Amino acid sequence: MKRLGIALILALTTAVGAPAQDFKMPVNLDRLASKASETTEVTLNGRMLQLAAKFMNDEDDAEAREMVKKLKGIYVRSFQFDSSGAYSDSDVEAVRSQLKSPAWEKIVNVHSKRNGENAEIYFKGDNPDRIDGLVIIAADPKELTVVHIDGPLDPSDIEKLGGEFGVPKVEVRPKTKPAKAGAQ
């Protein structure tokens, strides 16, 4: 998942240009729940996000609350399996097939033959200052996660959403390293 964070950082620096098109979580993903040892499902449509924003009233949540008010939905499906091979490439292809339209642009594709980790990030939007949607597919032999954030996002909003509503925590700004002793 560290690679996913790095990939997302790279993706957030890329501009997007395409007309919007809807994305729906494939129904076939839900059938994976019976095979999974652990399942996370988050389905927050615009109405539910408006309600959730009302509960985010701390000063710490003010930025996230304002961003959430603009979103149309947050959808997460995450499955962890006890063994490899519990899901197939066709399960992932059902997601990818919706993202092949001109509305979506693949920004990041990370593929590791060594450990089988794969991550893909897709953006949609026609405004260079914001993203109109985001889909992340993270797959490894024993885990499959699909995150769809629908609605306008500033690239810095991704970090604010991390850890909320089942969206993985992602560090957008690199941490600074402490200066070595004696270095000037």
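Cut-off values and rules
Residues numbered from 1 in each chain as written. Predicted model: local features only at pLDDT ≥ 70, side-chain atom pairs only at ≥ 80, totals over all residues. Heavy atoms only, no water. Helix = DSSP H or I, 4+ residues; strand = E, 2+ residues; numbered from the N terminus. Buried < 20%, exposed > 50% of the residue type's maximum accessible area, 1.4 Å probe, protein only. Contact = heavy atoms within 4.5 Å. Areas by Shrake-Rupley, 256 points an atom, 1.4 Å probe, with all protein chains shown as cover. Phe/Tyr/Trp six-rings, centres within 6.5 Å; stacked < 30°, edge-to-face > 60°.

Engineer: Honestly, the overall build of the protein in this entry has me stumped. Any pointers?
Structural biologist: Helix and strand counts for the protein stand at 5 helices and 6 strands. The helix and strand sequence of the protein, counted from the amino end, reads α-β-α-α-β-α-β-β-β-β-α. Relative to its full complement of 184 residues, the protein shows a buried share of 43%. Considering only intrachain contacts with a sequence separation of at least 6, the fraction spanning at least 24 residues in the protein is 66%. Accessible surface, the protein as shown: approximately 10,500 Å² in total, 50% of it carbon and sulfur.

Engineer: Would you explain the packing of aromatic side chains in this entry?
Structural biologist: The description of an aromatic ring pair rests on the distance of the ring centres and on the angle between the ring planes. Here the structure, examined in full by the defined rule, presents 3 aromatic pairs. Ring plane angle 65 degrees and centroid distance 6.1 Å describe the contact between Phe23 and Trp104, whose orientation is recorded as edge-to-face. Here Phe23, found in the loop between helix 1 (2-12) and strand 1 (38-45), pairs with Trp104, found in strand 3 (residues 104-111); they are 81 residues apart in sequence, far enough to count as distant. Plain terms: the ring middles of Phe81 and Tyr87 are 5.7 Å apart, the flat faces sit at 35 degrees to each other, and that makes the pair tilted. Residue classification places Phe81 among the buried positions, given a relative accessible area of 5%. Pairwise contacts between aromatic rings join Phe79, Phe81 and Tyr87 into one cluster.

Interpretation note: all reported values are geometric properties and have no functional meaning in isolation.
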